[in-house]
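Reading the structure
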Amino acid sequence: MDPMVESAEHSYDVIVVGSGASGGWACKRLAEAGLKVALLEAGRPQSDKNFSEHTPPFELKYRNLAAEILRKTRPVQSKFDVCNEYTQDWFVNDLEEPYTTPSDKPFHWMGRLRITGGRTNVWGRVSLRFSDWDFKAASRDGYGEDWPLSYKDIAPYYDLVEKYVGVTGMAEGLEELPDGQFQPPMPLTCQESIFRNRVKEKMGRTATLARSANLTKPLNGRGPCHYCGPCERGCITHSYFNSAFTTVADALNSGNCTLISNAMAYKVLMDAERNRARGILYIDRVTRAPREIYARAVILCAQAQESVRILLNSANPQYPSGLANSSGVLGHYLMAHVRSGGGSGEFPAAARKPSYGVPVKPVGIYVARFRNTKDAPPFKKFLRGYGYEGESSFDFNWNAPGFGQAYKDRIREPRAALDITGFGEVLPRWDNFVELDREVKDIYGIPALKIHMSDGENERAMIKDIGESAGEMLEAAGAKNIKTYANPSAPRWALHEAGIARMGSDPKKSALNQFQQTHDIMNLFVMDASGFTSNPCQNPTLTIMALCVRSCEYLLGELKRGSI
Ligand SMILES: Cc1cc2nc3c(=O)[nH]c(=O)nc-3n(C[C@H](O)[C@H](O)[C@H](O)COP(=O)(O)OP(=O)(O)OC[C@H]3O[C@@H](n4cnc5c(N)ncnc54)[C@H](O)[C@@H]3O)c2cc1C
Ligand code: SF4
């Protein structure tokens, strides 16, 4: 050990890096099973005191209106409005923790949280299952690789996770979007109901309540949602799923998990002779001191790019191109949904008298994939598919023209609208990748990532279709003033990055096996979306959590057997 590096006092059974969707579950399962777990989290502790979902903007210093002040420290993070005056200090300071891209391939790496719970503090909560249409897509259409597991392998873990998380949803019986263990559904708005009924009747497509991690019934001491609206600012009744007050809290309550906050993992420490991970070298973000911590097994759950950055930064003479990279695929096959097509329309028939202070439903609708499915012939223009997330609005006519009484009358005319945004699958391509940028380091001295990402033919054709189909469906639903769009997806800002340490049964073509264990180092695991073999159009987090629980069961078995 370097004499300048302090070692932590304890040695643990397992180190988990990252406390978000995956890390929370890893800690909960392993600590509740009796293992001594160290949870290394780069961010600060989260607390109910930080939640501001009921704080009106006029109580803030800048009324949540000073975007230019936010941009000074968070020019990337604040591009998405969940990083705002209420929440800004939950996010990285982009200047202190930079990343780079080639100038012709801009990529917005947003949603970089630095607080317990990670992205689950601010996520959109849409919770959808994958199916064998996803896991075995390569066998069906010949592109890419199948996942090394099937729907039946993960289904029991989806059940377990949904029951604990609490997912409001409606069963629809679709093979490509399997039903789950739902809490009672939140109601649809008028325009959502009209859209659902007409799109089904006229086009045979399914628009359902967006299955979402918001409670409609009490669960484990958490209260049902009271429809206040801005979940991304926290929730004092714990009615949406945030790992900070669910999985991580359970892990800490077990007495077996130690949360080490402000701990920025730099690299995995190796025992070269035994080819085993020995622990983690991290930087204390407060003192900037390097520290070492040791365990029998290491699990990276830092979010896909962050975990792979740690593996690349862990290169050593034995593994010169990064740990878990004997296949050479580490960093490659970056996938992140395209979401630059969609449409909107107004529904005059759904309008009633607008007013202030009404309940706000935090969940919209979801249009299930309808291209390249069981009931649709193979689509000629592109492989795979997309779904739409839809959001209703019901408001005053703020754009009313005129002055005086005429204006006052017009402004009261209600506006009921529905927006739908496509989320499309991106194919895994070698030339979408991340690497270390040797020229750029963060303020802790850790080399930063360079991200290379662009659209291929398949994505371009898909985005066009997303825009066109949005128009057709809104038309079928009887919407007025329909507007559609289908833009190039650069700069990409998916928030659903995956695939850069992919799973597979062939160690020559993949970094991880089906239990997210690295092929090269048996006590090193990566349990976030890095392992995804493909990036289905459904949102990833439910699958991240279910896979993580499955992999933890495997790890527990291996530890018990003494094979790790
Ligand atoms: C605005 C937004 C909306 C979203 N909406 C949805 C949605 O509707 N549905 C859906 O399925 N998904 C959604 N997502 C994505 C979802 O939040 C992520 O898929 C999920 O949280 C990823 O889990 P994770 O465990 O990989 O990472 P995270 O939840 O991000 O947690 C990673 C943690 O690791 C920590 N960390 C990072 N680097 C280090 C390091 N070097 N050392 C120590 N700790 C580190 C971070 O501080 C963070 O706390 C959304 C994301 C955002 C930002
Ligand atoms: S809308 Fe519901 S889940 Fe969201 S913050 Fe309010 S009570 Fe919590």
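I will try to describe carefully the structure that is included in this document. Keep in mind that what you see is a predicted model, and the values were worked out from it rather than measured.

What follows is about the site of ligand 1. In the neighbourhood of ligand 1, 38 residues make up the surrounding shell, with S22, E41, G124, A265 and T541 lying closest. Between ligand 1 and the protein, one listed contact pairs a nitrogen atom with a backbone N or O atom of V126 at 2.8 Å. P540 is positioned with one of its backbone polar atoms (N or O) 3.4 Å from an oxygen atom of ligand 1. For ligand 1, the accessible surface in isolation is 990 Å², of which the surrounding protein chains cover 96%. Within the residue set of the shell around ligand 1, elements represented by two or more residues are α1 (21-32), β7 (263-271), α8 (304-313) and α11 (541-561). Element by element, the count of residues in the shell around ligand 1 is highest for β7, at three residues.

Between two aromatic rings, the relevant description is the distance of the centres plus the angle of the planes. Summed over the entire model, instances satisfying the criterion amount to 20 aromatic pairs. Summarising the aromatic geometry, the rings of W25 and Y164 are spaced 5.0 Å apart at their centres and angled 65° between planes, so their arrangement reads as edge-to-face. Of this pair, W25 sits in helix α1 while Y164 sits in helix α5 (residues 151-165), and the two are 139 residues apart along the sequence. A single burial state applies to W25 and to Y164, both of which are buried. Ring centres 6.1 Å apart and planes at 35° place the aromatic pair Y151 and Y158 in the tilted group. One aromatic cluster is present, built from ring pairs that chain together F370, F379, F382, Y386 and Y388. Residue placement shows R205 over the ring face of F370; its charged tip is 3.7 Å from the ring centre. A cation sits over an aromatic face here: K267 above Y266, 5.0 Å from the ring centre.

The next thing to look at is the site of ligand 2. Taken together, N214, C225, H226, C228, G229, C231, G234, C235, S239, Y240 and P362 form the complete shell of residues around ligand 2. Each residue belonging to the shell around ligand 2 can be placed in one class, and the counts come to six nonpolar, five polar and no charged.

Looking now at the sheet that holds strand β12 (residues 386-395). With antiparallel pairing, the six strands of this open sheet are ordered in space as β5-β11-β12-β13-β10-β16. Strand pairing shows two members of the sheet lacking a second neighbour, β5 (207-209) and β16 (480-486), which therefore form its edges. Each adjacent strand pair in this sheet contributes to an overall mean axis angle of 20°, direction not counted. Taken together, the five bridges between strand β10 (residues 341-346) and β16 define a ladder with antiparallel strand orientation. Residue pairing across strands places E346 opposite K480, the latter belonging to β16. Set on the sheet, helix α6 (residues 190-203) makes contact with β5, β11 (365-367), β12 and β13 (415-424); between it and β13 the angle comes to about 55°. Contacts between helix α10 (residues 457-476) and the sheet are confined to β10, β11, β12, β13 and β16, with β16 contributing the most and set at about 170° to the helix.

Taken as a whole, this structure holds 33 salt bridges when the rule is applied. Two residues, E97 and R114, come together in a salt bridge whose shortest N-O distance is 2.9 Å. Note that E97 is positioned in the loop between α2 (67-73) and α3 (132-135) and R114 in the loop between α2 and α3, a separation of 17 residues in sequence. Each member of the pair, E97 together with R114, is buried. Bridged by salt links that share partners, the residues E97, R112, R114, R285, E306, R309 and D442 form one connected network.

Our focus in this paragraph is the environment of R410. Its location among the elements puts R410 in helix α9 (residues 404-411). Distance from R410 to F396, taken between C-alpha atoms, is 8.9 Å for residues 14 residues apart in sequence. Beyond its immediate stretch of four places on either side in the chain, R410 contacts N397, A400 and P401.

Assignment of secondary structure puts R550 in helix α11. One buried charged residue, R550, forms no salt bridge at all, with the nearest opposite charge on D153 at 4.4 Å. Setting aside its immediate chain neighbours within four residues, R550 contacts L149, D153, Y157, Q514 and F515.

A few words now on the environment of P187. Assignment of secondary structure puts P187 in the loop between β4 (182-183) and α6. Separated by 29 residues in sequence, P187 and T216 place their C-alpha atoms 10 Å apart. Excluding residues within four positions of it along the chain, P187 makes contact with E192, Y227 and K361.

The subject of this paragraph is the packing of α5 against α11. For the pair α5 and α11, interaxial distance at closest approach is 8 Å and the crossing angle is 110°. The angle between α5 and α11 places the two elements in the roughly perpendicular class. As α5 runs across α11, the sense of the crossing is right-handed. Between α5 and α11, the residues in contact are D153, I154, Y157, Y158, L160, V161, E162 and V165 and L542, T543, M545, A546, L547, V549, R550 and E553, respectively. Within the contact of α5 with α11, the residues separate by chemical class into eleven nonpolar, one polar and four charged.

Moving on, we come to the pairing of β12. Across three bridges, β11 lies against β12 in antiparallel orientation. Among the inter-strand pairings, I365 is bridged to a residue of β12, identified as G390. As defined by bridge partners, β12 adjoins β13 across ten bridges and the pair is classed as antiparallel. Directly across from F394, in β13, lies its bridge partner A416.

Conventions and cut-offs
One numbering rule holds for all chains: residues counted from 1, following each sequence as written. Labels follow written order: the first chain is A, the first ligand is 1, and so on. Since the coordinates come from a predicted model, pLDDT governs what is reported: local features require at least 70, and pairs of side-chain atoms require 80 or more to be given and counted, while whole-chain, interface and lining totals use all residues. Side-chain metrics rest on all non-hydrogen atoms present in the structure, leaving aside hydrogens and water. Any residue with at least one heavy atom within 4 Å of a molecule or strand is counted as near it. Under the rule applied, a polar contact is a pair of N or O atoms within 3.5 Å (in protein, one hydrogen donor and one hydrogen acceptor; residues adjacent in sequence only if both atoms are side-chain atoms). Each accessible area value is a Shrake-Rupley result obtained with a 1.4 Å probe; residue values ignore everything except the protein chains displayed when judging cover. A run of H or I in DSSP becomes a helix once it reaches four residues, and a run of E becomes a strand once it reaches two; helices and strands are each numbered from the N terminus. Stacked, tilted and edge-to-face are the three classes assigned to paired rings of Phe, Tyr and Trp, where Trp is represented by its six-membered ring and a pair needs centres within 6.5 Å; plane angles under 30 degrees give stacked, over 60 edge-to-face, the rest tilted. Each residue is placed in one exposure class: buried if its accessible area under a 1.4 Å probe, protein chains only, is under 20% of its type's maximum, exposed if it is over 50%, and partly exposed if it falls in between. By the criterion adopted, a ring carries a charge over it if an Arg CZ or a Lys NZ lies within 6 Å of its centre and within 35 degrees of its normal. When residues are grouped by polarity, Ala, Val, Leu, Ile, Met, Phe, Trp, Tyr, Cys and Pro land in nonpolar, Asp, Glu, Lys and Arg in charged, and all others, Gly among them, in polar. One bridge is not enough; two strands pair if DSSP finds at least two bridges between them. Only the stretch in contact is used when fitting a helix axis, every axis being a line fitted to C-alpha atoms; angles between N-to-C directions are given from 0 to 180 degrees. We call two residues contacting when some pair of their heavy atoms lies within 4.5 Å. Salt bridge, as applied in this entry: a Lys or Arg side-chain nitrogen positioned within 4 Å of an Asp or Glu carboxyl oxygen. The sign given to each residue is positive for Lys and Arg and negative for Asp and Glu; His and the chain ends receive no count. Should an angle fall under 35 degrees it is taken as roughly parallel, and over 145 as roughly antiparallel, whereas 65 to 115 is taken as roughly perpendicular and any remaining angle as oblique. If you view the pair so one helix is near and one far, a crossing is left-handed when the near helix is turned anticlockwise from the far one by less than a right angle, and right-handed when it is turned clockwise.

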